[in-house]
Amino acid sequence: VDCVGQVRVAVVGLGYWGPNLVRVIHELPEAEVVAICDLRGERLEHVGRLYPGAERTRDLTSLLEDPKIDAIVVATPVTTHFEIAAAALEAGKHVLVEKPMAACSEEALALVALADAKGLVLMPGHTFVYSPSVNLVRDLIRSGDLGEVYFVSSSRVNLGIHQPDVSVIWDLGPHEFSILRYWLGENPESASAVTRSCVIPGVPDVAFVTLEYASGTVANIELAWLSPSKLRRTTVAGSRKMVVYDDTSNEPVRVFDAGVDLPEPRGFEQYRLSYRTGDIVSPAVSTVEPLMLELADFCRSIVSGGEPRSSASLGIDVIRTIELVERVTVAAGGRSA
Ligand SMILES: NC(=O)c1ccc[n+]([C@@H]2O[C@H](COP(=O)([O-])OP(=O)(O)OC[C@H]3O[C@@H](n4cnc5c(N)ncnc54)[C@H](O)[C@@H]3O)[C@@H](O)[C@H]2O)c1
């Protein structure tokens, strides 16, 4: 951290997502972008033109040897996360690594052990746990307003972007699995899934996943890189109320005072269900950018200590959920994935 208390950050990987991280770090009063790194010269050129104060390099090792750099933010493809994050930790740098934290739980655990041994912050980039809408729904669940959470049903689909190195479960799944872990406070006990590799052989681009939790909650998640329109829609059906969270809407959270009651059946009388359809409330939701809150939390953990909300243990839980899902996945055509 420099003399004015700013965390000096280098961003590695300037493809689709990296430039967003560079922009937000640049805007944050707590941090400063001191260097940017990509193997591709044209990406360095493109991003570097917007941030002329940042040093440009294609060579990660030069950043690791630079004592001016406190932290490395990694936005490279998933299969490179472990190697880059491990090298950065070895060199004594704090690390924020994009989701999913690594390509398997062994790698993720090794990164955690390394960060602990060195006393450094290791944070996965689970942006949605900073979303004001996601936090509003979490408060509704945790306060008991929704009652028992019967089920969650979610669609996260759009056209692209096909990742070269991982399936749609590794790419879009982490968002859903981190949100569910954050809302429900538990990990799934069992799962089932069907996938199909529609475009690239062996790279599933559509997945239908179901998860079962010890509490009784069940979840159904649709993930796809092949959809004509973008959907980010989740329904949480509780015994008292229901919520629809739609991240693409200007009313992202709607709370329905709706449900069905089953009065105690008396004697041989038949069950009579009573349906409730009351008010629909759309609470005001802060428009602060979740990525801004995420990076501020990263800087806070570095400067003041304490676990970030997007913790390494959340990162490991997300990867374990992906691995659970992959173990039970059946690829279309009846082949085991
Ligand atoms: N948190 C979010 O909401 C969010 C959104 C999108 C993507 N992501 C994550 O961000 C990461 C990157 O995704 P993307 O879509 O931007 O990928 P991308 O392929 O568009 O970009 C990756 C970049 O990394 C560079 N690169 C690869 N290896 C490198 C190395 N060793 N040193 C320096 N540069 C290297 C590539 O040249 C490329 O420019 C993934 O982990 C993805 O899951 C997160």
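Scroll up to find the structure.
Residues numbered from 1 in each chain as written. Predicted model: local features only at pLDDT ≥ 70, side-chain atom pairs only at ≥ 80, totals over all residues. Heavy atoms only, no water.

**Quick look at the site of the ligand**
Then comes step 1: Around the ligand there are 21 residues in total, and Trp17, Asp38, Arg40, Lys99 and Thr127 lie nearest to it.
Then comes step 2: Taking Leu39, its main chain carries an N or O atom lying 3.4 Å from a nitrogen atom of the ligand.
Then comes step 3: For the ligand, whose free accessible area comes to 860 Å², the fraction covered by protein is 85%.
Then comes step 4: Here the residues of the shell around the ligand sort into nine nonpolar, eight polar and four charged. (Near = heavy atom within 4 Å. Polar contact = N/O pair within 3.5 Å; in protein donor to acceptor, adjacent residues only side chain to side chain. Areas by Shrake-Rupley, 256 points an atom, 1.4 Å probe, with all protein chains shown as cover. Nonpolar A, V, L, I, M, F, W, Y, C, P; charged D, E, K, R; others polar.)

**Topic: the sheet that holds strand E4 (residues 71-74)**
Then comes step 1: Judged by pairing direction, the sheet is parallel, and its six strands sit side by side in the order E3-E2-E1-E4-E5-E6 without closing on themselves. Strand pairing shows two members of the sheet lacking a second neighbour, strand E3 (55-57) and strand E6 (122-125), which therefore form its edges. The sheet shows a mean angle of 25° between the axes of neighbouring strands, taken without regard to direction.
Then comes step 2: Of the strands in this sheet, strand E1 (7-12), strand E2 (31-37), E4 and strand E5 (94-98) are in contact with helix H1 (residues 18-27), which crosses E2 at around 150°. (Pairing = 2+ DSSP bridges. Helix = DSSP H or I, 4+ residues; strand = E, 2+ residues; numbered from the N terminus. Axes fitted to C-alpha atoms, helices over the stretch in contact; angles between N-to-C directions. Contact = heavy atoms within 4.5 Å.)

**Here we look at the side chain of Ser310**
Then comes step 1: Its location among the elements puts Ser310 in the loop between helix H9 (290-304) and helix H10 (312-328).
Then comes step 2: Residue class for Ser310 comes out buried when judged on its relative accessible area of 0%.
Then comes step 3: Looking at Ser310, its side chain comes within polar contact range of the main-chain nitrogen of His126, at 3.2 Å.
Then comes step 4: Residues within four places of Ser310 in sequence aside, it is in contact with Met123, Pro124, Gly125, His126, Val129, Tyr130 and Asp297. (Buried < 20%, exposed > 50% of the residue type's maximum accessible area, 1.4 Å probe, protein only.)

**Observations regarding the pattern of salt bridges**
Then comes step 1: Considering all chains together, one arrives at 14 salt bridges under this definition.
Then comes step 2: Residues Arg49 and Glu45 are paired through a salt bridge, measuring 4.0 Å at the closest nitrogen-oxygen approach. Of this pair, Arg49 and Glu45 both sit in helix H2 (residues 41-50), four residues apart, which is roughly one turn of the helix.
Then comes step 3: Taking relative accessible area as the criterion, Glu45 reaches 39% and is therefore assigned partly exposed.
Then comes step 4: Of the charged contacts, one joins Asp317 and Arg181 as a salt bridge, the two residues approaching to 2.7 Å between their closest N and O atoms. Here Asp317 is found in helix H10, whereas its partner Arg181 is found in helix H8 (residues 173-184), with 136 residues between them in sequence.
Then comes step 5: Members of the salt-bridge network, linked through shared partners, are Arg23, Glu27 and Glu289. (Salt bridge = Lys/Arg side-chain N within 4 Å of Asp/Glu carboxyl O.)

**Regarding the pairing of strand E8 (residues 190-196)**
Then comes step 1: Burial along E8 is one-sided: the residues Ala191, Ala193 and Thr195 are buried and none of Ser190, Ser192, Val194 and Arg196 is.
Then comes step 2: Pairing geometry for E8 and strand E9 (residues 206-212), over seven bridges, is antiparallel. Considered in E9, the bridge of Ser190 is made with Glu212.

**A closer look at the packing of aromatic side chains**
Aromatic rings in a pair are described by how distant their centres are and how their planes are angled relative to each other.
Then comes step 1: Tallying each qualifying case throughout the model produces two aromatic pairs.
Then comes step 2: Taking 6.3 Å as the distance between ring centres and 70° as the angle between the ring planes, the aromatic pair formed by Trp183 and Tyr245 counts as edge-to-face. Of the two residues, Trp183 sits in helix H8 while Tyr245 sits in strand E12 (residues 242-246), which places them 62 residues apart along the sequence.
Then comes step 3: Looking at Tyr245, the relative accessible area reads 2%, which means it is buried.
Then comes step 4: For the cation-ring pair, Arg156 lies above Phe128, with the distance from its terminal atom to the ring centre recorded as 4.7 Å. (Phe/Tyr/Trp six-rings, centres within 6.5 Å; stacked < 30°, edge-to-face > 60°. Lys NZ or Arg CZ within 6 Å of the ring centre and 35° of its normal.)

**Some points on the nonpolar core**
Then comes step 1: Within the largest apolar cluster, 103 residues are counted, with the highest numbers of intra-cluster contacts made by Leu63, Ile72, Met101, Leu122, Trp183, Leu211 and Val236.
Then comes step 2: No other element matches H10, which puts eight residues into this core.
Then comes step 3: Sequence-distant contacts of Ile72, defined by excluding residues within four places in its chain, comprise Ala10, Val12, Leu63, Leu64, Ala88, Lys93, His94, Val95 and Leu96. (Core = buried A, V, L, I, M, F, W, Y, C linked by side-chain atoms within 4.5 Å.)

Honestly, it's all geometry; don't read function into it.
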